[in-house]
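Residue strings, one per chain:
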Amino acid sequence: MVKISLFHRYGEKLGGDKMYKNILVAISHSSNSHDLFEVGLNLALKHNAQMTLCHIKNLRYIVPNFLNEGIYLPQDIVYLETNDGIEEILNKYKDEALKKGISKIDVVVTASSTPALAITNVVAKGYDCDLIVCGSSSSKGILKKIFGNVTTEIVKNAPCDVLVVKNIEKNNEVNN
């Protein structure tokens, strides 16, 4: 079971006649990634829209190495995530969506030190997406303070509507 919150840009009425043309689904490693995909897929089918599936690997910098009067060496960039099979997961989702009738699906996997800005300013704008489907953040405590909340930043910076899908079952397990 999922809980959905839709944030419209420009104060549009919820449930209006707006039709989406390209739905970006931001997939993370969370337990509700398939739920996110299903919500995006169902909306794309309803609106006869194309889909853009994306995952942004969280890029972190370790102490930069400066040599010869401040020349930055790129080998000091370190990925927080490695080759973890996310491409295979996204391609599996793509195949599933194609079988269900979605005509065009783009898959984007890249890295950024600011994943939310990569989603909103690069992927959403670059692929002309008019809806972003993302999950609610699971960051808590000190991790949230250090790394921030990607979902909040997506909502704040999105050039389009944002649909936040919250994993209810996981929250209920924690509360019981």
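Anyway, here's the lowdown on the structure attached to this text.

This part is about helix H2 (residues 86-100). For H2, which comprises 15 residues, the first-to-last C-alpha distance of 21 Å matches the rise-based estimate of 21 Å (1.5 Å per residue) to within 8%. Taken together, the buried positions of H2 are occupied by Ile86, Leu90, Tyr93 and Ala97. Across the axial projection of H2, the buried residues extend over an arc of 60 degrees, all falling on one side. Opposite the buried face of H2, at more than 90 degrees from it, the exposed residues are Glu88, Lys92 and Lys99. Phi turns positive, to about 115 degrees, at glycine 101, one or two residues after H2.

Right, let's talk about the nonpolar core for a bit. Core analysis: the largest hydrophobic core is formed by 23 residues, its most contacted members being Ile23, Val25, Ile27, Phe37, Met51, Leu53 and Val133. Broken down by element, the residue count for this core peaks at six residues, all from helix H1 (residues 33-47). Beyond its immediate sequence surroundings of up to four residues, valine 25 is in contact with Leu36, Phe37, Gly40, Met51, Thr52, Leu53, Cys54 and Val133. By size, the runner-up hydrophobic cluster in this structure holds 18 residues, among which are Ala118, Ile119, Ala158 and Val162.

Scoring rules and cut-offs
- Residues numbered from 1 in each chain as written.
- Predicted model: local features only at pLDDT ≥ 70, side-chain atom pairs only at ≥ 80, totals over all residues.
- Heavy atoms only, no water.
- Helix = DSSP H or I, 4+ residues; strand = E, 2+ residues; numbered from the N terminus.
- Expected span 1.5 Å × (residues − 1).
- Buried < 20%, exposed > 50% of the residue type's maximum accessible area, 1.4 Å probe, protein only.
- Arc of directions from axis to C-beta.
- Core = buried A, V, L, I, M, F, W, Y, C linked by side-chain atoms within 4.5 Å.
- Contact = heavy atoms within 4.5 Å.

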